[in-house]
Amino acid sequence: MKASRLVMAVAVAGSLCLTGCGGGPQGGPGSPGATGDERTIRAFDINPQPRDKVKDGGTLRWGINEFPAQWNRNHVDGNLAMAAVISNALLPGPFWSNEKAEISVDRDYVLAASVTAQRPKQVVTYTLNPKARWSDGKPITWADYQAQWQALNGKDSDYHIVSSTGYQDIEKVARGKDDHEVVVTFARPFGDWQALFAPLLPASTNGSPQAFNTAWLNKIPVTAGPFKFGGFDQTAKTITLLRDDGWWGNRAKLDRIIYRSSEQDSLIGAFSNGELDIIDVGPSAPDYARAKATSGAHVRQAAGPDFRHFTFNGSSELLKDQNVRQAVQLGIDRQVIARSDLQGLDWPIALLNNHFFMNTQEGYQDNAGSLGVHDPGRARQLLDAAGWKLSGAVRQKDGKTLELRFVVPSGVQLSKSEGELAQSMLAQIGVKLTIQAVPSDDFFSKYVIPGNFDITPFAYIGTPFPVSSSYGIYANSPDGRTWNANFGRTGSAAIDQAMSRAAQTLNPARAGTQANKADRLLWQQVNVLPLYQRPQNVATRETLANVGARGFYNLRYEDIGFTG
């Protein structure tokens with residue numbers, strides 16, 4: 001499963017989304033893995049084709065591994081990678097990233113945007129495309145930007161937001177010379193200002209907590225992209241998008257996109273049988289091999305800011321003690337898990353020892369230290385000191401057994417295998433790990449987000465902004481109850497301070513220094529245990545163009561189509 005930093009997704013072993021800061025991938029041909037091998041790692045692999053080489057018309061059948069319910073991606077329940085894959089064809093954002101993580105304005109929505117003042121305060125001015133409008137006919141104006149800032153700045157806890165990062169640093173959003181000029185004044189500097197207002201939602205959504213929390217629940221009420229919402233089929237588990245002839249940009253090549261939701265182990269069968277045109281294979285060697293062997297298909301592979309990890313629930317009764325979390329972390333052999341996950345994928349096996357930067361990114365440094373190694377002897381000592389004494393094969397304390405729940409989405413063999421490996425490892429230090437498989441559609445909404453687990457595996461899907469996109473994952477709760485996107489439910493003032501300093505500087509080198517300071521503290525906190533940079537493996541029909549393993553590249557959905 002996956003999530004976006006900030007975004008999440010279930011299939012492909014589960015994922016969420018992130019938003020970040022800093023430079024793009026620095027790896028490339030010959031980037032070495034931990035095994036000493038050298039292989040070509042692509043920044044993106046989408047079969048790029050000019051529009052005149054792509055046929056007009058057709059239906060794209062796109063397999064996904066979860067059926068989102070919350071379509072407001074700024075809501076904590078909507079921070080899903082699959083929701084992003086779909087709604088990126090429907091919703092506006094001011095900026096666009098190429099495969100090198102170089103940012104430029106998306107001229108379909110914004111004609112210009114820049115820092116127009118730094119003293120006494122940072123000011124950013126946006127010139128909006130006057131042609132841009134919502135599907136209900138209303139123009140996209142400065143008022144939409146103002147309403148999004150007011151909803152996401154964290155001042156009203158009735159808005160169930162993913163993160164207030166960046167928005168909390170804004171002093172005001174005002175109308176410029178007309179309705180299509182937005183003037184954003186920051187109370188404090190914010191280096192990743194280009195990460196804000198994406199996706200942008202209309203003022204009608206952000207105008208009240210009620211609308212923010214419920215207007216997009218099992219609904220997509222308004223759009224502003226090359227495609228429009230066609231409908232849900234809850235029985236067939238499909239979501240249909242149709243070409244929007246009211247779109248002011250390049251006309252979409254496809255007539256429609258039909259997303260079909262199924263558990264991960266069913267998607268590869270549907271793809272191999274010719275029922276789907278594209279699926280995310282994820283880090284599954286058997287699925288990778290099967291997809292590669294499918295006639296007329298190709299597996300597109302690229303590096304991206306995505307990483308596999310275990311999240312530890314610090315609000316769990318058994319894991320609230322940091323020493324116990326450290327002991328469990330030391331009891332897990334990450335190298336064995338990475339090797340098991342990645343073998344057979346034509347991908348370097350290298351551990352990820354940073355919470356913000358990938359191995360291939362500017363700013364990366366190994367901050368794991370002694371807490372990143374497999375050390376069962378020290379793990380046993382920490383548990384002994386914490387009062388957890390062996391009673392037979394499993395430790396006990398005050399009449400309680402040290403038995404942890406490892407919650408995984410059903411149908412994702414990778415997660416199950418990781419649980420079985422961890423189960424065997426932790427048994428060696430007297431910790432019992434029980435694997436609990438839950439329905440994929442419920443994995444995030446009923447288990448991860450509400451904290452109904454002890455340990456859980458999934459992937460975070462990153463952006464070109466490593467610090468700001470990650471901030472919400474590690475930010476401390478202001479009241480001990482509101483954790484938003486921090487599913488580990490632990491934090492500290494020192495971590496927040498370092499992350500804030502990284503986000504507020506406009507100097508990338510200083511931002512990297514502060515982010516690495518926060519990272520060293522996170523290894524001690526044991527909130528998220530990074531495993532490895534996750535390869536993007538996307539199986540497609542050979543004739544499918546302008547889509548696949550995208551890395552940092554933002555897909556142009558209007559350019560996706562078939563060449564033959």
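Please refer to the structure placed before this passage.
Just so it is clear, the structure is predicted and the values come from calculations on it, not from any experiment. The written sequence of each chain sets the order in which its residues are numbered from 1. For this predicted model, a pLDDT threshold of at least 70 governs which residues receive local features, and a threshold of 80 or more governs which side-chain atom pairs are given and counted, while totals over whole chains, interfaces and linings are taken from all residues. No hydrogens and no water enter the side-chain calculation; it runs on all heavy atoms of the structure.

Student: Lay out the packing of helix α7 (residues 322-330) against helix α9 (residues 376-385) with the relevant residues and their values.
Tutor: Viewed as axis vectors pointing N to C, α7 and α9 meet at an angle of 160°, and their least axial separation amounts to 8 Å. Accordingly, the angle class assigned to the pair α7 and α9 is roughly antiparallel. Classified by chirality, the crossing of α9 by α7 is left-handed. Contacts between α7 and α9 involve N323, V324, Q326, A327 and L330 from the former and P376, R378, A379, L382 and L383 from the latter. Among the residues forming the contact of α7 with α9, the class breakdown is seven nonpolar, two polar and one charged. Helix axes use the C-alpha atoms of the stretch in contact, all axes being lines fitted to C-alpha atoms, and the angles between their N-to-C directions lie in the range 0 to 180 degrees. Going along the chain from the N terminus, every DSSP run of H or I of four or more residues is numbered as a helix, and every run of E of two or more is numbered as a strand. Throughout this description, any angle smaller than 35 degrees is read as roughly parallel, any larger than 145 degrees as roughly antiparallel, any in the 65 to 115 degree range as roughly perpendicular, and the remainder as oblique. A clockwise turn of the near helix away from the far one marks a right-handed crossing, whereas an anticlockwise turn of less than a right angle marks a left-handed crossing. Throughout, a contact is declared for two residues whenever any of their heavy atoms are within 4.5 Å. Ten residue types, Ala, Val, Leu, Ile, Met, Phe, Trp, Tyr, Cys and Pro, are classed as nonpolar, four, Asp, Glu, Lys and Arg, as charged, and the remainder, Gly among them, as polar.

Student: Any details on the pairing of strand β11 (residues 181-186)? Residues and values, ideally.
Tutor: Within β11, five of the six residues are buried, which leaves it mostly tucked inside the rest of the structure. The sheet contact formed by strand β9 (residues 123-128) and β11 spans five bridges and is antiparallel. In the sheet register, Y126 faces β11, and the bridge partner there is V182. Alignment of strand β10 (residues 170-175) against β11, held across five bridges, turns out to be antiparallel. Directly across from K172, in β11, lies its bridge partner T185. Between the end of β10 and the start of β11, which pair antiparallel, lie five residues. Accessibility here uses a 1.4 Å probe with only protein chains present; expressed as a share of the type maximum, an area under 20% marks a residue as buried, one over 50% as exposed, and anything in between as partly exposed. Strand pairing is assigned whenever DSSP detects at least two bridges linking the two strands.

Student: Describe the pairing of strand β8 (residues 110-117), listing the residues and the values that go with them.
Tutor: One ladder, built from six bridges, connects β8 with β9; its direction is antiparallel. Bridging from a neighbouring strand, V115 pairs with V124 of β9. Counting the residues between successive antiparallel strands, the hairpin from β8 to β9 contains five residues.

Student: Hey, could you go over the side chain of T238 for me, with residue numbers and the actual values?
Tutor: Relative to the assigned elements, T238 resides in strand β13 (residues 238-243). Using a relative accessible area of 15% as the deciding quantity, one classes T238 as buried. Non-local contacts of T238, meaning those with residues more than four positions away in its chain, are made with F67, G231, F232, D233, I258, Y259 and R260.

Student: Go over the sheet that holds strand β20 (residues 400-401), please, and point to the residues and values.
Tutor: Ordered by their spatial adjacency, three strands build an open sheet running β18-β19-β20, and the pairing between neighbours is antiparallel. Of all the strands in the sheet, just β18 (389-391) and β20 have a single pairing partner and so form its edges. Note that β18 and strand β19 (residues 394-397) share three bridges and pair antiparallel. Looking at β19, one finds that K389 is bridged to Q396.

Student: I'd like a description of the sheet that holds β11, backed by residues and values.
Tutor: Sheets are built from strands paired through backbone hydrogen bonds, the pairs being either parallel or antiparallel. Spatial strand order, β8-β9-β11-β10: four strands in an open sheet with antiparallel pairing. One side of each edge strand has no neighbouring strand; the edge strands of this open sheet are β8 and β10. This sheet shows a mean twist of 15° between the axes of neighbouring strands, independent of strand direction.

Student: Account for the environment of N476, with residues named and values stated.
Tutor: Positionally, N476 belongs in the loop between α12 (466-474) and α13 (493-504). Separated by 291 residues in the primary sequence, N476 and T185 have C-alpha atoms spaced 26 Å apart. Dropping the residues within four chain positions of it, N476 is found in contact with W483, G491, S492, A493 and D496.

Student: Any chance you could break down the layout of surface pockets for me, citing the residues and the numbers?
Tutor: Leftover empty space is mapped by rolling, across the atoms, a probe with the size of a water molecule. Of the grid points, spaced at 1 Å and generated over the protein atoms alone, those admitting a 1.4 Å probe that cannot get out make up cavities, while open sets with protein on both sides within 12 Å along at least five of seven lines make up pockets; any residue with an atom within 4 Å of a point is treated as lining. Grid points are joined across faces, edges and corners, and a volume is the space filled by probe spheres set on the points. Taken as a whole, the largest pocket encloses approximately 590 Å³ of empty space. Lining the largest pocket are 26 residues, and of these I161, P478, T482, W483 and N484 lie nearest its centre. Its residues assigned to classes, the lining of the largest pocket comprises nine nonpolar, 14 polar and three charged.

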